[in-house]
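# Geometric and topological summary
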Amino acid sequence: MKTLTYAIAPEQLIQAIIPWRFYQQGAQIGFVNIQLGSTPAPEVEQQILDDVGSYGRQIGRIGDVLEILLKHVPMETLSVQEADAIAILTGQLAAVRQIKRGRRTSRYPFA
């Protein structure tokens, strides 16, 4: 005899939560509302996020390029404050890289 099986709900329920869309709809997110800023062309900004990448991904790419460019900067010509600023940025970029290595899975090989 065959067993009758059926699902009341799908195996996975996924809902994308995009805070700036809540704000655009006028919904309150919680007790504290955070102003995420305004843009004269929200549809363009949304298309960039959808097609190009998240803010984090875009900033990460900028950081990657900065690291390359910094390898070609003669550090001996910089002031102490300038060298410190570069050292701090380099440390932050290294920390991000370390976190990405720890989170990398076969699903996101280039994260």
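Notes on the structure follow. Every chain begins its residue count from 1, and numbering advances along the sequence as written. Residues qualify for local features only when their pLDDT is at least 70, as the model is predicted, and side-chain atom pairs are given and counted only at 80 or more; totals for whole chains, interfaces and linings, by contrast, use all residues. Only hydrogens and water are removed before side-chain values are computed, so all heavy atoms of the structure are retained for them.

## A short note on the overall build of the protein
A tally of helices and strands in the protein yields 4 helices and 0 strands. Reading the secondary structure of the protein in the N-to-C direction produces α-α-α-α. Buried residues in the protein amount to 7% of all 111 residues. Accessible surface is estimated by sampling points in the Shrake-Rupley manner with a 1.4 Å probe; for residues, cover comes only from the protein chains shown. Working note: accessible area of the protein is about 10300 Å², and carbon and sulfur atoms make up 61% of it. Numbering of helices and strands starts at the N terminus; helices are DSSP runs of H or I of at least 4 residues and strands are runs of E of at least 2. Accessibility here uses a 1.4 Å probe with only protein chains present; expressed as a share of the type maximum, an area under 20% marks a residue as buried, one over 50% as exposed, and anything in between as partly exposed.

## Brief notes about a nonpolar patch on the surface
A residue counts toward a patch only above 30% relative accessible area and without a salt bridge, and it is joined to like-charged neighbours within 9 Å or, for Val, Leu, Ile, Met, Phe, Trp and Tyr, to nonpolar neighbours within 5 Å. Salt bridge criterion: a side-chain nitrogen from Lys or Arg within 4 Å of a carboxyl oxygen from Asp or Glu. Together, Ile62, Val65, Leu66 and Leu69 line one region of the surface with nonpolar side chains, adding up to about 350 Å² of accessible area. By the secondary structure assignment, Ile62 is in helix 3 (residues 55–70).

## Things to note about the pattern of salt bridges
This structure, assessed with the given rule, holds 1 salt bridge. The partner of Arg97 in a salt bridge is Glu67, and the shortest N-O contact between them spans 2.9 Å. One end of the pair, Arg97, is in helix 4 (residues 80–103); the other, Glu67, is in helix 3, with 30 residues separating them in the sequence. Its relative accessible area of 33% is what places Arg97 among the partly exposed residues.

## Things to note about the side chain of Gln46
Note on placement: Gln46 falls in helix 2 (residues 42–51). A polar side-chain atom of Gln46 sits 2.8 Å from a polar atom in the side chain of Asp50. Polar contact is defined as a pair of N or O atoms within 3.5 Å, subject to the rule that within protein one atom must be able to donate a hydrogen and the other to accept it, and that residues adjacent in sequence are counted only when both atoms are side-chain atoms.

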